[in-house]
Amino acid sequence: MNKRILSVVSAIILIIVLVLLALPYYLGIKAQESLEEQRALLAKNSFLIIENDQYQRGWFTSTETLQMRFKPSFFAGIQQQLPDNVRTVLQEPITVVNHVRHGLFADGIRPVRAHVKTEFKFTPQAEQTLARFFGQEKPLKLENTINLSGGGVMHLEVAKFNYEELSGIKINWQGLNTLIDYTKGFNSYNSQTQSPQLDVILASKGQFSYQDLKLNSHTENGHTSISLGNSELHIKKMEFEWKDTDDTSIRLDQLVNLVTDLQIGAFINPNGGSIPSKIAVDDLFFTTQTSEQDKWINSIGKFGFAQLHYGNDDYGPLNIDVSAEHLDAASLAALKNKITQLSTQKLDNDQLREAMVAAVRQEGLGLFTHNPLFKLNSFKFQMPQGMVDVHGYLTFKDLVAGDLQQLNLMLDKTESEMDIAFPQALLESIAVNQARSLFTVDESENSSEALEDIDQTIRIMIDSVIKTMQSKGFISVENGIIKTHLKVSKGKLTLNGKPFTLESDNDDPDALEASAQTASASSSQP
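Numbering of residues starts from 1 in each chain and follows the order in which that chain's sequence is written. Local features in this predicted model are restricted to residues of pLDDT 70 or higher, and side-chain atom pairs are both shown and tallied only at a pLDDT of 80 or more, whereas totals for entire chains, interfaces and linings draw on every residue. Neither water nor hydrogens contribute to the side-chain values; these are computed over all heavy atoms in the structure.

Another point: the overall build of the protein. Helix numbers and strand numbers start at the N terminus; a helix is a DSSP run of H or I with at least 4 residues, a strand a run of E with at least 2. Check the secondary structure of the protein and you find eleven helices and 24 strands. Accessibility here uses a 1.4 Å probe with only protein chains present; expressed as a share of the type maximum, an area under 20% marks a residue as buried, one over 50% as exposed, and anything in between as partly exposed. Within the protein, the proportion of its 526 residues that are buried is 35%. By sequence separation, contacts in the protein at least 24 residues apart represent 58% of the contacts at least 6 residues apart. Taken as a whole, the protein presents about 30600 Å² of accessible surface, with 56% of it coming from carbon and sulfur. A contact between two residues is defined here by any heavy atoms of the two lying within 4.5 Å. Surface accessibility follows the Shrake-Rupley procedure with a 1.4 Å probe radius. Residue values consider only the protein chains on display as shielding.

Structure (structure tokens):
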């Protein structure tokens, strides 16, 4: 009896030992499958090329070696403006070595498939450049724990550094940490990114800084290449300061292009006009939420800040809440791919603007022809002159491709309603600034008086037009705030329920005569 029990116990122990010995090999196979899924996902990106891939699988440990480099089109539009040492790092290949430990307890007492530590190897040229910033510290650290389910957790860390040159360039970077919790095949994942601080001083050019950057997101796959989920970006404080505001190499549009995927900077400051020497933003936030219903995409975006210090003026808070419903997913994906392609080409702002407009008319055509609904749920912006408050919607009903070529046909199928409120002082300020750009005043003792005369004339003319529109019921004015309800339907525009046409106002002899008389009286005053 004792021998029989001993034999059974021995057999059980033998089976357990065999399983424990075989399990690491089996988990090594499953770990390789997981890494192949991640490598396939990496190969689909728009900025990296995987040039070589080798996988050596052992019983308890394995090694994967990848060689990759940034595509030549990466930052194509701004590469020539980057410092030489940065271009060196971007142009050199990077060797990525994944050291894989597979087994139930490869990451401690919690059972997993494998634990992966990634080693980044740079060429001697790139290594020399990186050493100037990071010293002996490894610039990048990446660990990946692959769970039994095939999902896992990645932890990426970019080391901090404090760099300084004799030329006066100083960079204080407090590092970055990213945690990614992903499901099998990266069908969905949550990410959390934090970067405490960055301070950049560009000698005599100026400086830039931010504090407490946080980015959290949830991403999941849909039926198209459009990523679904939500994201939330928050930056406690951002500051920009330029020492030489006449230096046309510093442009607001290029700055925006650097930090956006949509290249919207092509539509901002196209002529490189001067901007204030200092801009600061407090509590900047940007959130998105994208969902899918059949073949349609619904999206919500919120953007704002607590305060904007723009030169000598203070703005804020700003709160924008917009949404888009019933967007054709296939057209949105095609437009996204086209814009990504455009961002890798060396185009100047004029060329980029034209190419993007063409892309909207071609790849993005379906976004307008499937009855989309765009909502401005809220736009509230506190300006020095007062509060701007706008909300409403815009939709296109039964629009076809040919309608986009003729404005009147497009307007016939446009439906929109907006409630608008803004300070009269803001309208006057805009008109005065526009007028000043049109007039040339001799630099003399009386130049300031001449400018004041122009400003006063413009204000009187604006006030006259506002009073005329108020008397006709197009607008209401209360405590210096202009309000109206704008509606567009079947090609007709109404303000506060009254049909409005620019031609009728321009042909109003009373309004024209009143404006001319008041302007003449003002300009003739000593």
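We now examine the nonpolar core. Residues grouped as a nonpolar core are buried Ala, Val, Leu, Ile, Met, Phe, Trp, Tyr and Cys residues, joined through side-chain atoms within 4.5 Å. Within the largest apolar cluster, 53 residues are counted, with the highest numbers of intra-cluster contacts made by Phe161, Ile171, Trp173, Tyr210, Phe305 and Phe381. If near-sequence neighbours (up to four positions away) are discounted, phenylalanine 305 is found in contact with Val281, Asp282, Asp283, Leu284, Phe285, Tyr315, Gly316, Pro317, Leu318 and Phe381. With 16 residues, the next largest nonpolar core counts Ile297, Leu327, Leu335 and Leu404 among its residues.

As a further point, take the packing of aromatic side chains. Working definition: rings of Phe, Tyr and Trp (its six-membered ring) pair if their centres are within 6.5 Å, and the pair is stacked with planes under 30 degrees apart, edge-to-face with planes over 60 apart, and tilted otherwise. Considering all chains together, one arrives at 16 aromatic pairs under this definition. Where phenylalanine 208 meets phenylalanine 240, the ring centres are 4.9 Å apart and the plane angle is 35°; that geometry is what we call tilted. In this pair, phenylalanine 208 is assigned in strand E11 (residues 206–220) and phenylalanine 240 in strand E12 (residues 228–242), connecting sequence segments 32 residues apart. Every member of this aromatic cluster is reached through a ring pair, and the members are Phe305, Tyr310, Tyr315, Phe379 and Phe381.

Our next topic: the layout of surface pockets. Looking at the second largest pocket, its volume works out to about 310 Å³. Cavities and pockets are found on a 1 Å grid laid over the protein atoms alone: a cavity is a set of points where a 1.4 Å probe fits but cannot escape, a pocket is an open set with protein on both sides within 12 Å along at least five of seven lines, and a lining residue has an atom within 4 Å of such a point. In terms of lining residues, the second largest pocket is bounded by ten residues, among which Tyr315, Ser429, Ile430, Asn433 and Gln434 are the most central. When residues of the lining of the second largest pocket are assigned to their parent elements, the largest contribution, six residues, is made by helix H8 (residues 424–438). Following the grouping adopted for this structure description, the nonpolar residues are Ala, Val, Leu, Ile, Met, Phe, Trp, Tyr, Cys and Pro, the charged ones are Asp, Glu, Lys and Arg, and the polar ones are all others, Gly among them. Within the lining of the second largest pocket, the residues separate by chemical class into four nonpolar, five polar and one charged. Grid points are joined across faces, edges and corners, and a volume is the space filled by probe spheres set on the points.

Time to look at empty space enclosed by the protein. In this structure the tally under the stated criterion is one cavity of 30 Å³ or more. Of the voids in this model, the largest cavity is the one considered here, and its volume is about 30 Å³. Taken together, Gln207, Phe208, Ser209, Glu239, Phe240 and Glu241 make up the lining of the largest cavity.

We now examine the packing of helix H5 (residues 329–343) against helix H6 (residues 349–361). Here H5 crosses H6 at 165°, and the two axes come no closer than 10 Å. As summarised for this structure, H5 and H6 are arranged roughly antiparallel, according to the angle between their axes. Judged by the twist between their axes, the crossing of H5 over H6 is right-handed. Contact residues: H5 offers Leu335, Lys338 and Leu342, while H6 offers Leu352, Ala355, Met356, Ala359 and Val360. Note on definitions: angles span 0 to 180 degrees between N-to-C directions of axes, and those axes are lines fitted to C-alpha atoms, for helices only across the stretch in contact. Comment on the angle field: the value is read as roughly parallel under 35 degrees, roughly antiparallel over 145, roughly perpendicular from 65 to 115, and oblique elsewhere. We call a crossing left-handed when the near helix sits turned anticlockwise from the far one by less than a right angle, and right-handed when that turn is clockwise.

Turning next to the confidence of the model for the protein. The pLDDT value tells you how sure the predictor is about a given residue, anywhere from 0 up to 100. Chain-level statistics for the protein give a pLDDT mean of 82 and a share of 81% at 70 or above. Note on residues 248–273: pLDDT under 50 across the span, and 41 contacts to partners over four residues away in sequence or across chains. Contacts for the low-pLDDT stretch residues 504–526, under 50 throughout, to residues beyond four places or in other chains number 18 contacts.

Residues glycine 316 and proline 317 are joined by a peptide bond in cis, for which omega reads 10°. As for its placement among the helices and strands, proline 317 is situated in the loop between strand E16 (313–315) and strand E17 (318–328). A positive phi angle, near 60°, is found at histidine 326, a position not held by glycine. Here histidine 326 shows up in strand E17. Phi angles above zero are rare outside glycine, and aspartate 398 is one such case at about 55°. Looking at the element boundaries, aspartate 398 is found in the loop between strand E19 (386–396) and helix H7 (407–412). On the accessibility criterion, aspartate 398 (55% relative accessible area) is exposed.

This next bit is on H5. Within an α-helix, residues lying three or four positions from one another point in the same direction, as the helix has 3.6 residues per turn. Expected helix span is computed as 1.5 Å times (number of residues minus one). Between the first and last C-alpha of H5 there are 21 Å, a value that for 15 residues agrees with the 21 Å anticipated at 1.5 Å per step. Restricting attention to buried positions, one finds in H5 the residues Ala329, Ser331, Ala333, Leu335, Ile339 and Leu342. Contact partners of the buried residues in H5: strand E14 (296–305), E17 and H6.

Our focus in this paragraph is the pairing of strand E23 (residues 492–495). Judged from the four bridges that link them, strand E22 (residues 481–489) and E23 form a sheet pairing that is antiparallel. Counterpart to leucine 486 in the pairing with E23 is leucine 495. Think of it this way: DSSP has to see at least two bridges between two strands before they count as a pair. Bridge count for E23 against strand E24 (residues 498–499) is two bridges, and the pairing is antiparallel. Across the sheet, the residue bridging to leucine 495 is lysine 498, located in E24. Where E23 folds back onto E24 in an antiparallel hairpin, the turn is made up of two residues, including asparagine 496, whose phi is positive at roughly 55°.

In the contact formed by helix H2 (residues 84–91) and helix H3 (residues 124–134), the axes pass within 9 Å of each other and the chain directions differ by 130°. Put simply, H2 runs oblique to H3. The way H2 lies across H3 gives a crossing that is left-handed. Along its contact with H2, which presents Asn85, Thr88 and Val89, the element H3 presents Gln125, Ala126, Thr129, Leu130, Arg132 and Phe133. Partitioning the contact of H2 with H3 into residue classes produces four nonpolar, four polar and one charged.

Before going further, it helps to examine the pattern of salt bridges. Should a side-chain nitrogen of Lys or Arg be within 4 Å of a carboxyl oxygen of Asp or Glu, the pair is scored as a salt bridge. Considering all chains together, one arrives at 13 salt bridges under this definition. Linking arginine 39 and aspartate 53 is a salt bridge whose minimum nitrogen-to-oxygen distance equals 2.8 Å. You can see arginine 39 sitting in helix H1 (residues 2–43) and its partner aspartate 53 sitting in strand E1 (residues 48–57), a full 14 residues away along the chain. Taking the relative accessible area as the measure of exposure, arginine 39 reaches 18% and is therefore buried. Glutamate 239 is paired through a salt bridge with lysine 237; the nearest N and O atoms lie 3.8 Å apart. Through salt bridges that share partners, Arg39, Asp53 and Glu64 make up one connected network.

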